[in-house]
Amino acid sequence: MSAIRRVAVIGAGQMGMGIAQTVALGGYEVGVYDSDASRPVQAIGGVAASLARNVARGGLDQDQADAALKRIRPITALEEAAGADLVIEAATEDEAVKKAVFAALTPHLGPDTLLSSNTSSISITRLASATDRPERFIGLHFMKPAPVMKLVEIVRGIATSKATYETAVAFAESLGKTTTEAEDFPAFIVNRILVPMINEAIYTLYEGVGNVASIDKALKLGANHPMGPLELADFMGLDVVLAIMNVLHDGLADTKYRPCPLLVKYVEAGWLGRKSGRGFYDYSGDVPEPTR
């Protein structure tokens, strides 16, 4: 991977933080940018805490953790991403926001810089159209949490070149990840299957078939899932789940992808799951408690 040495991560939320940690552990220099200038520093603090937990569990030695942390630095302006060989956009799951990021970013990049998006559902072809290099644009969809999950979904847009695809696969594999190739259809593979299942679980709650605890218990014990679907929705963020369902509903024009009204209501209330402290569970105490 001599072509990629420096990586810029755009977006310092939970996904951006996890991706930065993963890339730094892979031996790459990482710059982290966010439109909120305070967030990259907070994200690096979060990476430090995550690495410390990993060391305490015996999954990493202290020298590895220290070296990875030294490879991460905050970026205060998009212009500072100019030296990156690869940019990974991890902004909020909103097409307009992502396109605005790329439109602002591309004038500062060298001609050989590769662009990628960590979008979980939005068309790579459409995002690439906001740049000056659609042939050098690809989807790199890390699963959450990025340092733990083994898969990176690789999504080619209509103009993505073979060389860009091969470089993206080699980069992901250099991080210790396994890749799968998905075509550029709404929500790709993982979320095309997973998020409608979560939406159906929310309908099951909405229609009174079961409560939160019984639905999650049923899927964990009856289908051998490590997390129940409502617990998983809270972990992902209910705003993200809703955004993906809207992409599926709009992009495929099938009523089976209609977001559950209860999901919409929770997002409207600001009940977004773990990150807001309340969703299908209340996280204010030591143990999460079902809210319905």
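Residues take numbers from 1 onward in each chain, read along the sequence in its written order. Two thresholds apply to this predicted model, a pLDDT of at least 70 for residue-level local features and 80 or more for giving and counting side-chain atom pairs, whereas whole-chain, interface and lining totals are computed over all residues. Hydrogen atoms and water are omitted, and side-chain values are computed over all heavy atoms in the structure.

Peer 1: Which residues make up the layout of surface pockets, and what values do they have?
Peer 2: Using protein atoms alone on a 1 Å grid, points that fit a 1.4 Å probe yet trap it form a cavity, whereas open point sets bounded by protein on both sides within 12 Å along at least five of seven lines form a pocket; residues with an atom within 4 Å of a point count as lining. Grid points are joined across faces, edges and corners, and a volume is the space filled by probe spheres set on the points. Computed from the structure, the largest pocket encloses a volume of approximately 1200 Å³. Lining the largest pocket are 43 residues, with M15, N118, K144, M236 and V240 positioned closest to its centre. For the lining of the largest pocket, the secondary structure elements donating two or more residues are helix 1 (14–25), helix 4 (95–105), strand 6 (137–142), helix 7 (190–206), helix 9 (229–236) and helix 10 (238–252). Considered as a void within the structure, the second largest pocket measures approximately 400 Å³ in volume. What lines the second largest pocket is a set of 20 residues, among which M17, S50, R53, P145 and P147 lie closest to the centre. Helix numbering and strand numbering both begin at the N terminus, where a helix is a DSSP run of H or I of at least 4 residues and a strand a DSSP run of E of at least 2.

Peer 1: How would you summarise the UniProt feature "domain: 3-hydroxyacyl-CoA dehydrogenase NAD binding" (unreviewed entry) in the chain if you had to cite specific residues and measurements?
Peer 2: UniProt positions are given in the numbering used here, feature names are shortened, and annotations may be inferred rather than shown by experiment. Annotation from UniProt places "domain: 3-hydroxyacyl-CoA dehydrogenase NAD binding" (unreviewed entry) at residues 7–184. End-to-end, the C-alpha atoms of residues 7–184 are 24 Å apart, and along that stretch the chain is 39% helix and 21% strand.

Peer 1: Can you lay out the UniProt feature "domain: 3-hydroxyacyl-CoA dehydrogenase C-terminal" (unreviewed entry) in the chain for me, pointing to particular residues and giving the numbers?
Peer 2: In this numbering, the UniProt entry assigns the feature "domain: 3-hydroxyacyl-CoA dehydrogenase C-terminal" (unreviewed entry) to residues 188–283. Annotated as residues 188–283, this span is 61% helix and 2% strand, and its ends, taken at the C-alpha atoms, are 31 Å apart.

Peer 1: Account for the packing of aromatic side chains, naming residues and giving values.
Peer 2: A pair of aromatic rings is counted whenever rings of Phe, Tyr or Trp (Trp by its six-membered ring) have centres within 6.5 Å, and the orientation is called stacked for planes under 30 degrees apart, edge-to-face for over 60 and tilted otherwise. Under the definition given, this model contains six aromatic pairs. With a centroid separation of 5.2 Å and an interplanar angle of 85°, the aromatic rings of Y266 and W271 are classed as edge-to-face. Burial classes follow relative accessibility: with a 1.4 Å probe on protein chains only, a residue under 20% of its type's maximum area counts as buried, one over 50% as exposed, and anything between as partly exposed. Here W271 falls in the partly exposed class, since its relative accessible area comes to 30%. Note on Y281 and Y283: the rings are 6.4 Å apart at their centroids and 50° apart in plane angle, and the pair reads as tilted.

Peer 1: How would you explain empty space enclosed by the protein if you had to name every residue and give the values?
Peer 2: Scanning all chains against the criterion turns up one cavity of 30 Å³ or more. Contributing to the lining of the largest cavity are I4, L86, L114, S116, I138, L140, T167, A168 and F171. Of all the elements in the fold, those that place two or more residues in the lining of the largest cavity are strand 5 (114–117), strand 6 and helix 6 (162–174). Tallied by class, residues from the lining of the largest cavity come to seven nonpolar, two polar and no charged. Any residue that is not Ala, Val, Leu, Ile, Met, Phe, Trp, Tyr, Cys, Pro, Asp, Glu, Lys or Arg is counted as polar, Gly included; the first ten are nonpolar and the last four charged.

Peer 1: Tell me about the sheet that holds strand 7 (residues 151–156), and please be specific about residues and values.
Peer 2: On the basis of which strands lie adjacent, the open sheet formed by eight strands has the order 3-2-1-4-5-6-7-8 and mixed pairing. In this open sheet, the two edge strands, each paired with only one partner strand, are strand 3 (72–75) and strand 8 (178–182). Taking each pair of neighbouring strands and ignoring which way they run, the sheet shows an average axis angle of 25°. The rule for pairing is simple: two strands pair if DSSP sees at least two bridges between them. Strand direction decides the pairing type here: strand 6 and strand 7, joined by five bridges, are antiparallel. What sits directly across from L140, in strand 7, is I154. Axis geometry follows a simple rule: fit a line to the C-alpha atoms, using only the stretch in contact for helices, then measure angles between N-to-C directions, giving values from 0 to 180 degrees.

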